[in-house]
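# Breakdown of the fold
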Amino acid sequence: MRRLDRSKRLVVKIGSALLVNPDGQLNRPWLESLIHDLAQLKAAGVETLIVSSGAIALGRRTLGLPKRPLKLAESQAAAAVGQIALARAYQQILAEHGYVAAQILLTLKDTEERRRYLNARSTVGTLLKQGAVPVINENDTVATTEIRYGDNDRLAARVSSMMSADCLVLLSDVDGLYTAAPGAGADARLVAEVHEITPEIMAMAGKPVSGVGSGGMITKIEAARIAVGAGAHMVIASGRHLNPLRRIDAGAPCTWFLSSASPVASRKRWIAGALEPAGRLIVDQGAVNALLDGRSLLPAGVKRVDGSFARGDTVSICALSGVEIARGLVAYDRDEAERIAGARSHEIEQRLGWRGRDEMVHRDDLVIIGSLHHEAG
């Protein structure tokens, strides 16, 4: 049995059917029980993020929109109204436990375009450092078909990957993945653990469905691919009961998708091998020593900048001899990097005209060449 309180960073996805009653009103007792569970996890040192549906369902009732399928403009109008109600509920209930709620609205492009991805990652990371609880939802007020996730399962998986979470919880109306659709026959049984997403596992998920939950179990398996590939375990569990997270830790039926690597090792393997460096940073021996000691690359240690790159691109970090020491995601565009090369941290604002990051490449976005095997172990 796995426990959520052993996670360092946890993402919890909540569906509309759990959060909003059939009459369109917020299921406040359930949400209060969930936040109580999250508060206990935070008290145990677990950083927590919420990916929440429910805005359209809440706003629809407030606007008195018909029960037929909504047009795009109607859905976006409902989301605009519902987001306020949803944010207020999270703000009030989290405040009762002494925590600050923060609303983050994302579209698909925010996790696909490198610059927007970095901005979102930086913002959410800063909120977590300050002890706040980010509440994330798809930005339904502006998202159109071509920039939508279409379901919050995959959004939650992208957020989990973006934030290097080590566990993702999908609270659902079912308690996990079954070998066949529950109720289809006596042979259907719950799959407790999945170590590899095989064609057989995909077949168990069945066909996509319409209605509440968008794509059903298929989208949850697709979310598992993303999360597990980024080094996070994922669990599908029932949210139909109060205190759903506590029930998982107590051994309630659920399905765990297990990753064989940590988020840090997965991210650094991606940086080292899956990306082609767009440029080079030539650094002095002091910077080499700092990198080998596990520290970030500061502008002061950069002697020369080669290539053409933008913020977020992969660059090689080389010693004066030309030997590649490390590889990482650079925090500045090429021209900015050139202007601050050799600068002390307090000189960055003077050279750029604005306050940038202290690090040219942060240690979280950097891998020492040849160290992956050690880190993965």
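Now for a look at the structure at hand.

What counts as what
Residues numbered from 1 in each chain as written. Predicted model: local features only at pLDDT ≥ 70, side-chain atom pairs only at ≥ 80, totals over all residues. Heavy atoms only, no water. Helix = DSSP H or I, 4+ residues; strand = E, 2+ residues; numbered from the N terminus. Buried < 20%, exposed > 50% of the residue type's maximum accessible area, 1.4 Å probe, protein only. Polar contact = N/O pair within 3.5 Å; in protein donor to acceptor, adjacent residues only side chain to side chain. Pairing = 2+ DSSP bridges. Axes fitted to C-alpha atoms, helices over the stretch in contact; angles between N-to-C directions. Phe/Tyr/Trp six-rings, centres within 6.5 Å; stacked < 30°, edge-to-face > 60°. Salt bridge = Lys/Arg side-chain N within 4 Å of Asp/Glu carboxyl O. Parallel < 35°, antiparallel > 145°, perpendicular 65-115°, else oblique. Contact = heavy atoms within 4.5 Å. Nonpolar A, V, L, I, M, F, W, Y, C, P; charged D, E, K, R; others polar.

Now for the side chain of Ser238. With respect to the secondary-structure elements, Ser238 resides in strand S7 (residues 233-238). For Ser238, a relative accessible area of 10% corresponds to the buried category. From its side chain, Ser238 meets the backbone nitrogen of Arg240 in a polar contact 3.2 Å long.

What follows is about the sheet that holds strand S12 (residues 324-329). With mixed pairing, five strands are arranged side by side in an open sheet as S10-S9-S11-S12-S13. Each edge of the open sheet is held by one strand with a lone partner, namely strand S10 (302-307) and strand S13 (366-368). Averaged over all adjacent pairs, the angle separating strand axes in this sheet is 20°, with direction ignored.

Evaluation of the coordinates by the stated rule reveals one aromatic pair. Here Tyr332 and Trp354 contribute two aromatic rings whose centre-to-centre distance is 6.1 Å and whose plane-to-plane angle is 40°, an arrangement assigned as tilted. Taken together, the residues Tyr332 in the loop between S12 and helix H12 (334-340) and Trp354 in the loop between helix H13 (348-352) and S13 connect sequence positions 22 residues apart.

Scanning all chains against the criterion turns up 15 salt bridges. Two residues, Asp306 and Arg280, come together in a salt bridge whose shortest N-O distance is 3.1 Å. Of this pair, Asp306 sits in strand S10 while Arg280 is found in strand S9 (residues 279-283), placing the two residues 26 residues apart along the sequence. Overall, the relative accessible area of 29% leaves Arg280 in the partly exposed class. Among the salt bridges present, the one from Arg334 reaches Glu338, with a minimum N-O distance of 2.8 Å. Here the residue Arg334 and the residue Glu338 both occupy positions in helix H12, the gap between them amounting to four residues, near one helical turn. Residue Arg334 is classed as partly exposed on the basis of its relative accessible area of 23%. Looking at Glu338, the relative accessible area reads 44%, which means it is partly exposed. Through salt bridges with shared partners, a single ionic network connects Lys13, Asp153 and Lys220.

Our focus in this paragraph is the packing of helix H6 (residues 152-162) against helix H8 (residues 217-229). The geometry of H6 relative to H8 is characterised by a closest axis approach of 8 Å and an angle of 10° between their N-to-C directions. Between H6 and H8, the crossing angle belongs to the class labelled roughly parallel. Contacts between H6 and H8 involve Asp153, Arg154, Ala157, Arg158 and Ser161 from the former and Thr219, Lys220, Glu222, Ala223, Ile226 and Ala227 from the latter. Taken together, the residues of the contact of H6 with H8 sort by class into four nonpolar, two polar and five charged.

If you trace the backbone, Thr219 turns up in helix H8. For Thr219, a relative accessible area of 4% translates into the label buried. From its side chain, Thr219 meets the backbone oxygen of Gly216 in a polar contact 3.0 Å long.

Nothing here speaks to function; it is geometry throughout.
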